[in-house]
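Results of the structural survey
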Amino acid sequence: MSDFVKFSTEDTVGIITIDNPPVNVLSSDVCEQIERCLDTIASNAAIEAAVLIGAGRSFVAGADINELANASGAGRTLVPKLGHLLGKLETLNKPAIAALHGSALGGGLELAMAAHYRVAAPGTKLGQPEVNLGLIPGGQGTQRLPRLVGLAKAVEMCISGAPIDSGEAKDLGLIDQIIDGDLLAGSIAFAKKMSAQNGAHPKVSELSTKLGTPSENAVILDAGRKQAVKLRRKMFAPLAALEALEAATVLPFEEGCKKEGELFRQCLASSQSKALIHAFFGEREVAKVPDVRSDTPALPIKKVGVVGAGTMGSGIAMAFANSALPVLLKEVDPIALERGMTRIRTNYENSVKRGRITAEEMAQRLALIQPRSDYEDFNDLDLIVEAVFESLDVKKQIFAELDKIAKPECVFATNTSVLDIDTIAQSASRPEMVVGLHFFNPANVMRLLEIVRGKRTSKTVLATALSLAKSLHKVGVVVGNCFGFVGNRMLLPYIREAIFLVQEGTTPERVDRVLYDWGMAMGIFAVCDVIGIEVLIHIFEQDKTSDKPSHRVPGILEKLYQSGRLGQKTGAGWYRYKQDHKPVPDSEILAWIESSAKESGLQRRDISDEEILDRCTHALINEGARILEEGYALRSVDIDIVYLTGYGFPAYRGGPMFYADTLGLANVYARVLEFQKMHGSRWEPAPRLRQLAEEGRTFSS
Ligand code: NAD
């Protein structure tokens, strides 16, 4: 067994150092080894106290998710082992002090709460983030946390999953002291002081003063339920956490732990938690590109340029400035430049008003963005992102211009949504330096960055793009150069199917309600209104598959365009909009839908919610399977991460391909065949889907 825990003594204090890099996660082995150290301390009369501390950058960042996820093997033993360790720690016959720094999260905080005392370095983060994985604290955290911080704060921490810092933790009583200076030395001194005190050392499981009265708790739990439904729509784990926290207020500690254990196991077995764990590992997996070694050197990106100060250009400039990168923002149209800079300023002002950044940070970020009406100083940039109109000719012209000005090692990126990267790259003498950096709107907020790999894009440039994504706090997913790449290519059949559904018998608001209730961040018609109807028409026109008769988009979209209903920006699209941007259903649309159906000789019919959902989701899945087959996505998880981080797909469903796996590919394939029978060739099953279904396999496999 490797040595993950080290034992030493300093004077009369036993020191247990958890050393399981990079972040000291608690595995079964770690738990067992800590227990052995506790046994040594308990039986050695020369030791008067124990200090539990983490090596490296953190105390303990959580339980080992790999082990938890492996429910068939070690996953079944980790939680009981942790429980056993916590019992031993709390009943140690000498004072036990948890010395925290970096992160004390999840199992890490649970371990600390079983000690008699907690001290922390300034800036330590303490929290119970299990809800982010569809779980609840399973190491007695729901029973100890309310005893230390009170029910209301415990509810907030378990539902939001957000950590608090050591200052707040001290005020709340979650820790006993903040240690400035050397943490170990301070902890040893603290341990000796506690050891010198007479009387028993506090066991958190025996505290009850903060547990509140039944009537107080009823109000807190009720508010918590409302918050959970709002913040964590459709999720089981936050409600389970509330139930476990409630148990802490009404049951003896041991009984409460049993209840927590039952609820934890239910969460762990749920499809929601499996999906969220898939997404957690997926975000790490996508950074690995098989033929780009992880030690491929990335080019230093210190100064960047953005061409085009429209919706995307201004957002992209903010994304860079938010990561302290200086940006030159170039625009041909002086009015558009003024508008772009105003948009940036207003955006930052709103962030200050909401308390997300300070006025000083706003000033710093604004100072990093310099407007330009020409290419002055563009000769000294490391990266230039083009974000002008979606026109191949304009983009080619810009790349040819930049090629003459920029230094040879400058990376050229285009933010195109669908255009061919290779054609754009040809207009520069450095096609190996050209890459697609497909940001999502709003670019300063959305986490997804599709990194589009052209035929000639060099591995160095890909490594640079992946490293840039990380420094922008985004998730970079490398995708191939096909029409619409991964995200938008899948969006087209999804939108097309939704429009067919309304023509055949339902309404935009019904489709959107079904999708929203299922967990999508927005209904697809509301999404269309954000994208803009003219943009969609333009994209459909360029999409070669749209020419086939079975694929042809119903004429209703063109009708919207011709009547100037371009979406949110014109106050009307599929919906009507007032100041608050809330979509309001419009009877005019229904009349158009009915007449469009009549023109196509369609008898409108009643369409079930199930059909609406299946046609929308299966359109995504079938196209995803095709993308995989053609090699434009490296793995099915890459497609999942694109949809989870860029398209509002519900995280607890794990992305379209993972969702298909949970349905069973044989079922998905059968459903696609049914749709093909009803609607013709646009539902032709992707060969990869058929193959995997017939072999009884999954996309993940
Ligand atoms: P936009 O119309 O808001 O902005 C484009 C800007 O580019 C305009 O202000 C225009 O004046 C400027 N411009 C044109 N030629 C220029 C030149 N030679 N030099 C400098 N500036 C020039 O468009 P947008 O929505 O920001 O889209 C820009 C690009 O991003 C497009 O390729 C689009 O497909 C892509 N994109 C858009 C979105 C979105 O949701 N809007 C999302 C992802 C990608």
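Residues numbered from 1 in each chain as written. Predicted model: local features only at pLDDT ≥ 70, side-chain atom pairs only at ≥ 80, totals over all residues. Heavy atoms only, no water.

Broken down by element type, the protein chain carries 29 helices and 19 strands. Taking 27 Å as the expected radius of gyration for a compact globule of 701 residues, we find that the protein chain reaches 28 Å, a close match to that expectation. Each principal axis of the C-alpha atoms in the protein chain carries an extent, and together these give about 90 × 60 × 50 Å. A total of 701 residues make up the protein chain; the buried ones form 56% of that total. In the protein chain, 73% of the contacts between residues at least 6 apart in sequence involve partners at least 24 apart. Accessible surface computed for the protein chain: about 29400 Å², of which carbon and sulfur atoms make up 53%. The distance from the centre of the 79 positive side-chain charges to the centre of the 86 negative ones in the protein chain is 1 Å. (Helix = DSSP H or I, 4+ residues; strand = E, 2+ residues; numbered from the N terminus. Rg over C-alpha atoms; globule rule 2.2 N^0.38 Å. Buried < 20%, exposed > 50% of the residue type's maximum accessible area, 1.4 Å probe, protein only. Contact = heavy atoms within 4.5 Å. Areas by Shrake-Rupley, 256 points an atom, 1.4 Å probe, with all protein chains shown as cover. Lys, Arg positive; Asp, Glu negative; His and termini not counted. Charge placed at Lys NZ, Arg CZ, Asp CG, Glu CD.)

A separate point is the packing of helix 19 (residues 487-504) against helix 22 (residues 533-542). Closest axis-to-axis distance for the helix 19/helix 22 pair is 11 Å, and the angle between their directions is 110°. With respect to their mutual orientation, helix 19 and helix 22 come out roughly perpendicular. For the pair helix 19 and helix 22, the crossing hand works out as left-handed. Across from L492, I495 and R496 in helix 19, the residues of helix 22 making contact are L536, I539 and F540. Residue composition of the contact of helix 19 with helix 22, by class: five nonpolar, no polar and one charged. (Axes fitted to C-alpha atoms, helices over the stretch in contact; angles between N-to-C directions. Parallel < 35°, antiparallel > 145°, perpendicular 65-115°, else oblique. Left-handed = near helix turned anticlockwise from the far one by under 90°. Nonpolar A, V, L, I, M, F, W, Y, C, P; charged D, E, K, R; others polar.)

Here we come to helix 27 (residues 656-663). Of all eight residues that make up helix 27, six are buried, and the element is covered over most of its length. For helix 27, the complete set of buried residues consists of P656, M657, F658, Y659, A660 and D661. Buried residues belonging to helix 27 abut helix 12 (271-285), helix 19, helix 20 (508-518), helix 25 (609-630), helix 26 (636-646) and helix 28 (665-679). A positive phi of about 95° marks G664, the residue just after helix 27.

Let's shift gears to the packing of helix 5 (residues 141-149) against helix 6 (residues 151-160). Viewed as axis vectors pointing N to C, helix 5 and helix 6 meet at an angle of 130°, and their least axial separation amounts to 7 Å. One element, helix 5, and the other, helix 6, form an angle in the oblique class. Here helix 5 and helix 6 pass one another in a crossing that is right-handed. Together, L145, P146 and V149 of helix 5 and L151, K153, A154, M157 and C158 of helix 6 make up the contact between the two elements. Split into classes, the residues belonging to the contact of helix 5 with helix 6 amount to seven nonpolar, no polar and one charged.

As a further point, take the site of the ligand. In the neighbourhood of the ligand, 22 residues make up the surrounding shell, with M312, E331, E390, K395 and S417 lying closest. The contact in question runs from an oxygen atom of the ligand to an N or O atom on the side chain of E390, over 2.5 Å. A distance of 2.7 Å separates an oxygen atom of the ligand from a polar atom in the side chain of S417. Of all the secondary-structure elements, those providing two or more residues to the shell around the ligand are helix 13 (311-322), helix 16 (392-405) and strand 15 (434-439). Here the residues of the shell around the ligand sort into nine nonpolar, eight polar and five charged. (Near = heavy atom within 4 Å. Polar contact = N/O pair within 3.5 Å; in protein donor to acceptor, adjacent residues only side chain to side chain.)

The subject of this paragraph is the domain arrangement of the protein chain. The assigned domain composition of the protein chain is domain 1 (5-269), domain 2 (304-481) and domain 3 (488-695). Placing a centre on the C-alpha atoms of domain 1 and another on those of domain 3 gives a separation of 45 Å. (Domains from an automatic or database assignment.)

What follows concerns the sheet that holds strand 9 (residues 177-178). Judged by pairing direction, the sheet is mixed, and its six strands sit side by side in the order 1-2-3-4-6-9 without closing on themselves. Edge positions in the sheet fall to strand 1 (5-10) and strand 9, since each has one partner strand and no second. Across six bridges, the pairing between strand 2 (residues 13-18) and strand 3 (residues 49-54) is parallel. Its bridge partner lying in strand 3, I16 is registered against L52. (Pairing = 2+ DSSP bridges.)

What follows concerns the environment of R615. Topologically, R615 is positioned in helix 25. In this structure R615 touches E497, F500, L501, E504, R605, F675, H679, R682 and W683, once residues within four positions along its chain are discounted. Here the side chain of R615 touches E504 through a polar contact of 2.8 Å, side chain to side chain.

What follows deals with the sheet that holds strand 7 (residues 125-127). Whether parallel or antiparallel, the strands of a sheet pair through hydrogen bonds between backbone atoms. With mixed pairing, the three strands of this open sheet are ordered in space as 5-7-8. The two strands at the open ends of the sheet, each matched to only one other strand, are strand 5 (103-105) and strand 8 (164-165). Where strand 5 lies against strand 7, three bridges are found, and the strand directions are parallel. Residue pairing in the sheet places A104 in a bridge with L126 of strand 7. Where helix 4 (residues 107-114) meets the sheet, it contacts strand 5 and strand 7, and its direction lies at approximately 90° from that of strand 5.

Let us look at the nonpolar core. V511, W574 and F699 are the most contacted members of the largest nonpolar core, which has 95 residues in total. If you count residues domain by domain, this core takes at least three from each of domain 2 (304-481) and domain 3 (488-695). Ignoring anything within four residues of it in the chain, the contact list for V511 reads A498, L501, V502, T506, I524, F525, I612 and C616. Counting 71 residues, the second largest nonpolar core, distinct from the first, contains V30, I34, I159 and A169. (Core = buried A, V, L, I, M, F, W, Y, C linked by side-chain atoms within 4.5 Å.)

This next bit is on the environment of E156. Mapped onto the secondary structure, E156 falls in helix 6. Each C-alpha atom, one on E156 and one on N24, is 26 Å from the other, the two residues being 132 residues apart in sequence.

Attention shifts here to the pairing of strand 17 (residues 475-480). By the criterion of burial, strand 17 is predominantly enclosed, with six of the six residues buried. Burial of strand 17 is two-sided: the residues V475, V477 and V479 facing one way and the residues G476, V478 and G480 facing the other way are all buried. Bridge analysis of strand 16 (residues 448-453) against strand 17 gives six bridges, and the strand direction is parallel. Following the sheet pairing, L448 is matched in strand 17 by V475. This β-α-β element, strand 16 to helix 18 (residues 459-471) to strand 17, shows right-handed connectivity. (Right-handed = clockwise from strand over helix to strand, strands pointing away.)

Using the criterion set out here, one finds 46 salt bridges in the structure. For the salt bridge of R576 with E588, the shortest nitrogen-to-oxygen distance reads 3.7 Å. A residue pair is termed long-range when its members are at least 10 positions apart, and R576 in strand 18 (residues 576-577) and E588 in helix 24 (residues 587-599) qualify at 12 residues. Under the relative-accessibility criterion, R576 is labelled partly exposed at 39%. Of the charged contacts, one joins R697 and E695 as a salt bridge, the two residues approaching to 2.9 Å between their closest N and O atoms. (Salt bridge = Lys/Arg side-chain N within 4 Å of Asp/Glu carboxyl O.)

Now for the side chain of S351. Residue placement: S351 occurs in helix 14 (residues 334-353). Not counting residues up to four positions away in its chain, the partners in contact with S351 are R356 and I357.

This brings us to the pairing of strand 15. Buried residues dominate strand 15, accounting for six of its six residues. The two faces of strand 15 match: V434, G436 and H438 on one face and V435, L437 and F439 on the other face are all buried. The pairing of strand 14 (residues 411-414) with strand 15 spans three bridges and is parallel. Looking at strand 15, one finds that A413 is bridged to V435. Crossover handedness for the path strand 14 to helix 17 (residues 421-426) to strand 15: right-handed.

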